[in-house]
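Structural features, examined
Okay, here's what each chain looks like letter by letter:
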There are 2 protein chains.
Amino acid sequence: MLPSGALDFFTNLIGKENVYSDKAHLIAYSYDATRERFEPNAVLFPRHEQDVSDILKYCNEHRIVLVPRGAGSGFTGGALPANGGVVLGFEKHMNKILEIDMQNMVAIVQPGVINMELQRAVEEVGLFYPPDPASQEYSTIGGNVNENAGGMRAAKYGITKDYVMAIRAVLPNGDIIKAGKRTIKDVAGYNIAGILIASEGTLAVTTEVTLKLLAKPKMTKTAMGIFPTVNEAMQAVYKTMASGVTPVAMEFLDNLSIRAVEQTYHKGLPIEAGAILITDVDGNLEEDLDFQLEQIKKVFRQNGCSDFKIAKDKQEAADLWFARRNVSQCISVYGSKKINEDITVPRSALPELLEKFDLIAKKYNINIPCFGHTGDGNVHTNVMVDGKDPEQIKIGHHAIEEVFQTTIDLGGTLSGEHGIGLSKAPYMSMAFTPEEMALFQSIKRAFDPNNILNPFKMGLH
Amino acid sequence: MLPSGALDFFTNLIGKENVYSDKAHLIAYSYDATRERFEPNAVLFPRHEQDVSDILKYCNEHRIVLVPRGAGSGFTGGALPANGGVVLGFEKHMNKILEIDMQNMVAIVQPGVINMELQRAVEEVGLFYPPDPASQEYSTIGGNVNENAGGMRAAKYGITKDYVMAIRAVLPNGDIIKAGKRTIKDVAGYNIAGILIASEGTLAVTTEVTLKLLAKPKMTKTAMGIFPTVNEAMQAVYKTMASGVTPVAMEFLDNLSIRAVEQTYHKGLPIEAGAILITDVDGNLEEDLDFQLEQIKKVFRQNGCSDFKIAKDKQEAADLWFARRNVSQCISVYGSKKINEDITVPRSALPELLEKFDLIAKKYNINIPCFGHTGDGNVHTNVMVDGKDPEQIKIGHHAIEEVFQTTIDLGGTLSGEHGIGLSKAPYMSMAFTPEEMALFQSIKRAFDPNNILNPFKMGLH
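Residues numbered from 1 in each chain as written. Chains lettered and ligands numbered in written order. Predicted model: local features only at pLDDT ≥ 70, side-chain atom pairs only at ≥ 80, totals over all residues. Heavy atoms only, no water.

**Some points on the relation of the copies chain A and chain B**
Turning chain A through 180 degrees and shifting it by 0.0 Å along the axis lays it on chain B, with an RMSD of 0.0 Å. Both chain copies can therefore be described as sitting about a two-fold axis. Among all residues of chain A, the one whose C-alpha sits closest to the rotation axis is Gly194(A), at a distance of 2.3 Å. A share of 100% of interface residues in chain A that are also interface residues in chain B marks the association as one of identical surfaces. (Least-squares fit on C-alpha atoms with pLDDT ≥ 70 in both. Contact = heavy atoms within 4.5 Å.)

Below you can see the structure in the form of structure tokens.
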């Protein structure tokens, strides 16, 4: 419950149209993509940065928990008010592209801007914002920055942190700070933007982001390789990258994933294949793209690729991408409950990782279809169980623990893209030492001594 | 002075051959490239990470100040023991390339590895480590990471922070932590590596760095453009970058810099030119390089370039680069004392910046030759005065203050590469608000509650 007077304060500050406290709205803001539900006590829509500052200052003084929220599309509960309090939404007012600076190739945006809206706006003027999380049609830049979102193009272009040049933010005490500059080089003061990225809204509330843009490559080509075994495909992935070619994307589907798509859509996919790899290359010259595809084909063939297709036009490219784009929902054929993780390992560990996941699936007699961003070692690992059977759910969680342990043993991380939030908080102690957790805790306290900002996420207390 | 027993503790721990406390060595470790001098009480050479941990733990318990030192090549006093204490050196033991992982295109190195040694080692196997600070022949990766070193190739390839995937470090209390992974994606926990980069050795002691490598581009070409005015050259810089071409380097010399080199070396440089731009492009295909050079030539010509030369071979490329490579020492023709800064602005502000620097020079009747990395907005700004005349030195410092204010007014930063250290600490309040300084201070305390690690640098207390 909010302290008495809090709703009045918020209403006086930002107007009653920007304060939701009715049941219907509180329910609407109680969930994210995890399907967990926690109702906030109120949802506030600040009109500008000064509102954010005033709200935080009040909440800090009155020890009111505050949770910043992007589109609520997160997979780990990062934006859920698991401890009550107020949710801050940016979709009503703080959702503008403030500037596309062509001269310096930079965009300045508010946190509520939708990723794809930014991509489209900059592409219209010949520029390019590469980070493309699967949620790109609805997730916001504020959320992307706070979760350090990745995507399919990370193999060549990196992830959100590689594009954040500066962040304006409000600290829990209401102080407004600017971190970074519209410059490639800036080494004055601590790299505050660096620590805010991926902090899951636990350190400060982002109010403005300055993003680096690239020139839009003039052309893209798509190819697909079919492999008899997943092991050979995984060998091909890291050997391609190490050969000197950097494809934009290098995505894979394992046999279970291929079968799930074929069963759903009947596209004539190779259901006997151990895996398929789908890859995009881009550049400004036809010769350059052909050079890259030749190199990829060579490495694929050396690693058992039985069929290599290059798309002749956009339609053929879309056909090659169809299975990858649609796999996520298709794998429900293997169970009504999907426990999906986004673990990531060094690319060279992919063959062993996939072999071990196969053993875990056999041990528990379940299916673990895998697909995802192998070009950067990021595997979407889906432990499928019967959601109505508590015993199956228990088995699923045992399997997930083994998935995490295997990943960590191979030098990988609990999360490549989705963050820790609530869902993975119980596993933090597998990945971090008590000393590392203590450091996280000190940093949290340095920013937020009263623990009002999205508290208890990421395994912090 | 060290507390009694400290030297014995260090000697017992790491052996007397790894503890220097004689006057000659203390003098040798008392300076860096600033020419300021502060003698440490001892210099310690840890053999491995556990030594670093034991030393820090002891220093923390006994409140002994500790300053980690790379090659002592810094320009801002970051490695100087301005408050006494012990200096930690890595050049005797912790100076190994531990691994070049070809499969994942990653290098793992100890802090004492020299930048160029790493570049050469990875290039031998076809890989590429782009950050190339001017100090590359002697500066260390530990120093590069702690200062977030840049270099000439930043315009295309970014700076040190863009290559750091993981850092092992020891906290002031002796805790050993690992931050990051050998993966492109990792969003579990706070981005500790992000805040350690550029922290100038004030938060933790780096013991191991995991660096991203690229495939070595197969070829490079060099070109030079001559411009009647510096303004036209600066217009050409940002318009080239915005046109969709990203040269590896885009370096400039202004008229004073050109004249200084010509006066020293008599190379037939265009002494009437307002500025020259020297640019490298790279790639894997001849056609691609030619495409890039055509584009650069077009934009240069549109912006007043009177002469555009493409080097036909390595010798011609070296000739075109000669002036830029040698300018730094030549400008001493303008005064015995050089107050050199490495301010950086958004590229589009370069024309106005250079115009305003010219006005500052006229106002104080001094020379301010400028050259540097215009491709990323980083201008080496040299206020030249007579070092024997106290009045001139005073004038120089007034001019520098105006240089900083102009830079900040144009959205730039006090330092693109060199850091703050001691030299620029007095100017921090020009660039940061009290709220931002308070945040830096909180972060410092979170890592180092007893303020033993390189204290009082960066304007912190």
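**Quick look at the sheet that holds strand S14 (residues 275-283) of chain B**
Residue and element names in this part refer to chain B. Read across the open sheet, the seven strands follow the order S15-S12-S14-S13-S17-S18-S16; overall the sheet is antiparallel. Where the open sheet ends on each side, the last strands, each with one partner, are strand S15 (307-310) and strand S16 (337-341). For this sheet the average axis-to-axis angle between neighbouring strands, irrespective of direction, equals 15 degrees. Taken together, the four bridges between strand S17 (residues 370-373) and strand S18 (residues 378-385) define a ladder with antiparallel strand orientation. Considered in S18, the bridge of glycine 372 is made with valine 379. Contacting strand S12 (219-227), strand S13 (249-254), S14, S15, S16, S17 and S18, helix H11 (residues 314-330) runs over the sheet at an angle of about 60 degrees to S13. Each of S13, S17 and S18 touches helix H12 (residues 350-364); the most contacted strand, S18, lies at about 5 degrees to it. (Pairing = 2+ DSSP bridges. Helix = DSSP H or I, 4+ residues; strand = E, 2+ residues; numbered from the N terminus. Axes fitted to C-alpha atoms, helices over the stretch in contact; angles between N-to-C directions.)

**Quick notes on the pattern of salt bridges**
Across all of its chains, the model carries 46 salt bridges over all chains by this definition. Across the pair Glu137(A) and Arg120(A) runs a salt bridge, and its minimum N-O distance is 3.4 Å. Of this pair, Glu137(A) sits in the loop between strand S7 (127-128) and helix H5 (141-147) while Arg120(A) sits in helix H4 (residues 115-124); the two residues are 17 residues apart in sequence, bridging distant segments of the chain. Glu137(A) gets classed as partly exposed once you look at its relative accessible area, which sits at 45%. Take Arg120(A): its relative accessible area is 47%, and that puts it in the partly exposed class. In this structure, Glu251(B) engages Arg324(B) in a salt bridge whose closest nitrogen and oxygen atoms are separated by 2.6 Å. One end of the pair, Glu251(B), is in strand S13; the other, Arg324(B), is in helix H11, with 73 residues separating them in the sequence. Both residues of the pair, Glu251(B) and Arg324(B), belong to the buried class. Several salt bridges converge on common partners, so that one network encompasses Glu99(A), Asp101(A) and Arg182(A). (Salt bridge = Lys/Arg side-chain N within 4 Å of Asp/Glu carboxyl O. Buried < 20%, exposed > 50% of the residue type's maximum accessible area, 1.4 Å probe, protein only.)

**Thoughts on the pairing of strand S4 (residues 86-89) of chain A**
All names here are of chain A. Burial along S4 is two-sided: Val86 and Leu88 facing one way and Val87 and Gly89 facing the other are all buried. As defined by bridge partners, strand S2 (residues 42-44) adjoins S4 across three bridges and the pair is classed as parallel. Across the sheet, the residue bridging to leucine 44 is leucine 88, located in S4. Summarising the sheet, strand S3 (residues 66-69) and S4 pair through four bridges and their orientation is parallel. Paired with leucine 66 across the two strands is valine 86, which belongs to S4.

**As for the packing of helix H8 (residues 230-242) of chain B against H12(B)**
Residues and elements named next belong to chain B. Two elements in contact, H8 and H12, have axes whose closest approach is 8 Å; the angle formed by their N-to-C orientations is 155 degrees. Overall, the two elements H8 and H12 adopt an arrangement that is roughly antiparallel. Judged by the twist between their axes, the crossing of H8 over H12 is right-handed. Across the interface between the two elements, Val230, Asn231, Met234, Gln235, Val237 and Tyr238 of H8 pack against Leu350, Pro351, Leu354 and Glu355 of H12. When the residues that make up the contact of H8 with H12 are grouped by side-chain class, the tally is seven nonpolar, two polar and one charged. (Parallel < 35°, antiparallel > 145°, perpendicular 65-115°, else oblique. Left-handed = near helix turned anticlockwise from the far one by under 90°. Nonpolar A, V, L, I, M, F, W, Y, C, P; charged D, E, K, R; others polar.)

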